[in-house]
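Coordinate analysis (summary)
Each chain is listed here by its residues.
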Amino acid sequence: SAIVAGYSPVNGEADVTALLAALSRRGHRLCLPVVAGRDAPLVFRAFAPGDALIPGVWNIPEPAAAREALRPDVVLLPLLAFDAAGRRLGYGGGYYDRTLALLRGADGVFAVGIAYSAQKVDRIPDGDHDQRLDAVLTETGVVRFADRERE
């Protein structure tokens, strides 16, 4: 079974709570992101539905520091907008871009943006450091991006 990284939804982000619970019931290990430092990749700590979480950076709920660090196979990530090529607009900190670059440089990871279909836009500008998504899951279904390479 896969190790799946979710997130604690804040500020109107698509809520993945039920999805994480379903994945846990199917035997997948779960983890949540933790900001380790301003320019550092995210760290993922073990999490199970019902676990008590503590306020982290920007008061985003996260597992306690004592929880085991895990390397996810799949990362579910929030976003502000996405386009048909798998580009995403985040909150501007670059945390997920740094993290996905690190994970893809190791053994690979499958990055799934979680969004509402209304968050799709025509095109999101991207730079050399931006990491594209492998898929987006919305209330209308899943869109897979065949190729993350630049156009």
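The next thing to look at is the overall build of the protein. Of regular secondary structure, the protein possesses 2 helices and 11 strands. Ordered by position in the sequence, the α and β elements of the protein form the string β-α-β-β-β-β-β-β-β-α-β-β-β. Compactness check: the protein gives a C-alpha radius of gyration of 15 Å against a globular reference of 15 Å for 151 residues, within 12% of the reference. Projected onto its principal axes, the C-alpha positions of the protein cover 40 × 35 × 30 Å. Buried residues in the protein amount to 44% of all 151 residues. Pairs at least 24 residues apart make up 61% of the contacts formed inside the protein by residues separated by at least 6 positions. Accessible surface, the protein as shown: approximately 8100 Å² in total, 54% of it carbon and sulfur. Across the protein, the mean location of the 17 positive side-chain charges is 3 Å away from that of the 19 negative side-chain charges.

The next point concerns a nonpolar patch on the surface. A cluster of nonpolar side chains, Leu80, Leu89 and Tyr91, forms an exposed patch at the surface whose accessible area comes to about 290 Å². Within the secondary structure layout, Tyr91 lies in the loop between β8 (88-89) and α2 (95-105).

We now examine the sheet that holds strand β3 (residues 43-47). Reading across from one edge, β3-β2-β1-β6-β9-β10-β11 is the order of the 7 strands in this open sheet, with mixed pairing throughout. If you trace the sheet from one side to the other, it starts and ends with β3 and β11 (141-144), each paired once. Direction aside, the axes of adjacent strands within the sheet are offset by 25 degrees on average. One ladder, built from 3 bridges, connects strand β9 (residues 110-114) with strand β10 (residues 135-138); its direction is parallel. Across the sheet, Val112 pairs through a bridge with Ala135, a residue of β10. Running at roughly 140 degrees to strand β2 (residues 29-34), helix α1 (residues 17-25) makes contact with β1 (3-5), β2, β3, β6 (74-78) and β10 of the sheet. Contacts between α2 and the sheet are confined to β2, β3, β6 and β9, with β6 contributing the most and set at about 170 degrees to the helix.

Let us look at the pairing of β6. Burial analysis of β6 places 5 of its 5 residues in the buried class, which makes it a mostly covered element. The pairing of β1 with β6 spans 2 bridges and is classified as parallel. Bridge pairing in β6 places Ala5 opposite Val75. Pairing geometry for β6 and β9, over 5 bridges, is parallel. Paired with Leu77 across the strands is Gly113, a residue of β9.

Now for the side chain of Asp83. Its location among the elements puts Asp83 in the loop between β7 (81-82) and β8. Asp83 gets classed as buried once you look at its relative accessible area, which sits at 0%. In this structure the side chain of Asp83 is engaged in a polar contact, spanning 2.6 Å, whose partner is the side chain of Arg87.

Calculation rules
- Residues numbered from 1 in each chain as written.
- Predicted model: local features only at pLDDT ≥ 70, side-chain atom pairs only at ≥ 80, totals over all residues.
- Heavy atoms only, no water.
- Helix = DSSP H or I, 4+ residues; strand = E, 2+ residues; numbered from the N terminus.
- Rg over C-alpha atoms; globule rule 2.2 N^0.38 Å.
- Buried < 20%, exposed > 50% of the residue type's maximum accessible area, 1.4 Å probe, protein only.
- Contact = heavy atoms within 4.5 Å.
- Areas by Shrake-Rupley, 256 points an atom, 1.4 Å probe, with all protein chains shown as cover.
- Lys, Arg positive; Asp, Glu negative; His and termini not counted.
- Charge placed at Lys NZ, Arg CZ, Asp CG, Glu CD.
- Patch = residues over 30% accessible without salt bridge, like charges linked within 9 Å, V, L, I, M, F, W, Y side chains within 5 Å.
- Salt bridge = Lys/Arg side-chain N within 4 Å of Asp/Glu carboxyl O.
- Pairing = 2+ DSSP bridges.
- Axes fitted to C-alpha atoms, helices over the stretch in contact; angles between N-to-C directions.
- Polar contact = N/O pair within 3.5 Å; in protein donor to acceptor, adjacent residues only side chain to side chain.

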